[in-house]
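Architecture at a glance
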Amino acid sequence: MGGSLRAVGLNEKKRLFAEEYLSSCGFAPLYPENYIIVPGLCDVHVHFREPGFSYKETIRSGSLAAKAGGYTTVCTMPNLNPVPDSLENLKVQLDIIEKTAAVRVIPYGAITKGELGKELSDMDSLSPYVCAFSDDGHGVQESDMMEEAMIKAKSLGKIIAAHCEDNSLLNGGYIHDGEYCHIHNHKGISSESEYRQIERDIKLAEKTGAKYHVCHISTKESVQLIRDAKKRGVDISCETGPHYLTLCDEDLEEDGRFKMNPPLRSKSDQEALIEGIIDGTIDMIATDHAPHSLEEKSRGLAKSAMGIVGLETAFPVLYTELVKPGIITIERLIELMSTNPRKRFGITEDPGFSVFEIATPYRVNPDEFKSMGRATPFAGRMVYGRCEFVGYDG
C-alpha cells in the first residue's frame, strides 16, 4: 500500500501482517491516513433468531451483518426454538453455525430449561460448547434458582450473564417511565425493575463467588450498584448498548424503531452510563442486535415488538458520537468493543482485524443492511467509520 494505516490495539507484528494481507487482496487506499486497523470487534450479545424464528434473521444473515460492521466474533443468545438447554437442542444451532456462519459465532446455553426459570438446564453437557449461560429475554425471577445456577456455573468455570428484570415491577410498561411516557400517555417501565434484580444478584454473586455479568444496563442506579460491587471485589462485569450511550427518552418518536428492552432511559441515565464507560465501571459495549420482521416493528411504540438491530451501526455511531467529540479515545472504544469482551468471556481465538474508513461521512440507510432486520433509531443519521474490510490472521 502507499503508506501505513494507523493501527489501534494491534502490535507491530499484527499490523504488518494485516497490511500485507490487505495488499494481497488488492486493498490499496489512495489516502491511508483516512483509515484505521483494529482487532476484529467482539459482541457478546446478539440474537440471530435461528433455529426457530428465521423469518426475523438467520445465522447467515446475522453473521454477514456482523462482518459488515467489523465484527469477527459474536455470541448468540438462547431465546430460540428449541432453547439450547440440552446438548441435543444446542446441536441444532451448532450445525447451522458450522454450515452457514460468515464470522465466528459462539452460542450461549440457557440457564433454565425452556428459559422458564423453574429447573436448571443441562449445564454440565452444554458447558464445553457455550461462551456462558443466560436466560436472556427473561429475568430469573426466583433468587433460589439464580443462586443454584451461580453455584453450578462456578463449578464449571462459566459466567452467568443475566437479563435483569423484575416482572413484578413492570406493570405492563413498554417505554421508560419518564416525561415522554407521561406526556404521550404510554405505559412506563420503571428503572427499579432493572436495578432491583441487579442488587439481588450482586448479593448472590458475592455469596457464591460466581462470575457474574449484567446484560444491557440502562440506569444510573445500575451503574452505581456495579461500581460499588467492583470496589468490594465481587467478580462482576457488565455491558451497555450503543443506543443507551447516545440516545435518551427525549429522542423518542412514535415509531417501533425506538422500542427495545430495556428502554431508552432519561438524560441523567445516559450521562451516568457515559461516566461508567469512562471510569471503567462498564466493561464492554454490546449491541443486543435483535431483529424482527417489518410487520412486527410497524405497530408504533405501544404494540411493536421489543428490539432493534445494531451490528452494522455500532462502531460508526460510537465513533461519531463519543470518539470524535473527545468523550473517549479510540483506544478506549476498542477496549470496550474487542479487547474486554474477549478477555472476560475467555474467547482466546485470534480476533483477526477490521479496517474502518473514518474520514468520510455517510448516512445510515437500513435498506443497505445485510441484516434481515431494518429497525434502527439511527436511520438517516450522518456517521463516520464505515467498515471496509474484515480479515482473519489465525
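Everything below is about the structure shown above.
Description of the structure in this document.

Thresholds, definitions, all that
Residues numbered from 1 in each chain as written. Predicted model: local features only at pLDDT ≥ 70, side-chain atom pairs only at ≥ 80, totals over all residues. Heavy atoms only, no water. Axes fitted to C-alpha atoms, helices over the stretch in contact; angles between N-to-C directions. Helix = DSSP H or I, 4+ residues; strand = E, 2+ residues; numbered from the N terminus. Parallel < 35°, antiparallel > 145°, perpendicular 65-115°, else oblique. Contact = heavy atoms within 4.5 Å. Nonpolar A, V, L, I, M, F, W, Y, C, P; charged D, E, K, R; others polar. Pairing = 2+ DSSP bridges. Left-handed = near helix turned anticlockwise from the far one by under 90°. Expected span 1.5 Å × (residues − 1). Salt bridge = Lys/Arg side-chain N within 4 Å of Asp/Glu carboxyl O. Buried < 20%, exposed > 50% of the residue type's maximum accessible area, 1.4 Å probe, protein only. Core = buried A, V, L, I, M, F, W, Y, C linked by side-chain atoms within 4.5 Å.

Details of the packing of helix H8 (residues 220–231) against helix H10 (residues 267–279)
Where H8 meets H10, the axes come as close as 8 Å, and the angle between the chain directions of the two elements is 30 degrees. Classified by the angle between their axes, H8 and H10 sit roughly parallel to one another. Counting all contacts with H8, which are made through Lys220, Glu221, Val223 and Arg227, the residues of H10 involved are Ser268, Asp269, Ala272, Leu273, Glu275, Gly276 and Asp279. Split into classes, the residues belonging to the contact of H8 with H10 amount to three nonpolar, two polar and six charged.

Concerning the sheet that holds strand E2 (residues 35–39)
Here four strands make up an open sheet; going across it, the order is E1-E2-E14-E17 and the pairing mixed. Either end of the sheet is taken by a strand with one partner, and the two such strands are strand E1 (6–7) and strand E17 (386–391). Relative to strand E14 (residues 353–357), E2 runs antiparallel, the two being bridged by five bridges. Opposite isoleucine 37, over in E14, you have valine 355 as the bridge partner. Along the sheet, helix H1 (residues 12–24) contacts E1, E2, E14 and E17; its crossing angle with E14, the most-contacted strand, is approximately 70 degrees. Running at roughly 40 degrees to E2, helix H13 (residues 330–344) makes contact with E1 and E2 of the sheet.

Description of the packing of helix H2 (residues 59–68) against helix H3 (residues 87–100)
Contact geometry of H2 with H3 gives a least axis separation of 9 Å together with a crossing angle of 55 degrees. Classified by the angle between their axes, H2 and H3 sit oblique to one another. H2 and H3 meet at a crossing whose hand is right-handed. Residues Ile59, Arg60 and Ser63 of H2 form the contact with H3, whose participating residues are Gln93, Ile96, Ile97 and Thr100. In the contact of H2 with H3, the residues fall into three nonpolar, three polar and one charged.

Looking at helix H7 (residues 192–208)
Helix length check: H7, at 17 residues, gives a terminal C-alpha distance of 24 Å against a target of 24 Å (1.5 Å per residue), a fit within 8%. Where the residues of H7 are buried, they touch helix H5 (143–156), strand E8 (159–162), strand E10 (188–189), strand E11 (211–214), H8 and strand E12 (236–240). Of the residues one or two after H7, glycine 209 is the one with positive phi, at around 75 degrees.

Focus: the pattern of salt bridges
Taken as a whole and assessed by the stated rule, the structure comprises 22 salt bridges. With a shortest N-O distance of 3.0 Å, lysine 113 and glutamate 119 are connected by a salt bridge. Residue class for glutamate 119 comes out partly exposed when judged on its relative accessible area of 45%. Each of Glu12, Arg15 and Glu19 takes part in a single network of salt bridges with overlapping partners.

Let's talk about the pairing of E8
Side-chain alternation along E8 places Ile159 and Ala161 on one buried face and Ile160 and Ala162 on a second face that is also buried. Relative to E11, E8 runs parallel, the two sharing four bridges. Across the sheet, residue alanine 162 finds its bridge partner in E11, namely valine 214.

Thoughts on helix H12 (residues 314–323)
For H12, a buried count of nine out of ten residues is recorded, marking the element as mostly surrounded by other parts of the structure. Among all positions in H12, only Ala314, Phe315, Pro316, Val317, Leu318, Tyr319, Thr320, Leu322 and Val323 are buried.

What about the environment of alanine 286?
Following the sequence through the fold, alanine 286 ends up in the loop between strand E13 (284–285) and helix H11 (300–303). As a C-alpha pair, alanine 286 and phenylalanine 258 span 28 residues in sequence and 17 Å in three-dimensional space. Not counting residues within four places of it along the chain, the set of residues in contact with alanine 286 comprises Asp43, Val44, His45, Glu239, Thr240, Gly241 and Pro242.

Quick look at the nonpolar core
Residues Ile160, Tyr212, Phe315 and Leu333 are the most contacted members of the largest nonpolar core, which totals 87 residues. Top contributing element to this core by residue count: H12, with seven residues. Leave out the neighbours within four places in its chain, and leucine 333 touches Ile285, Phe315, Leu318, Tyr319, Val323 and Ile328. The next biggest cluster of nonpolar side chains, apart from the first, holds 15 residues, and it includes Tyr108, Cys131, Met284 and Phe345.

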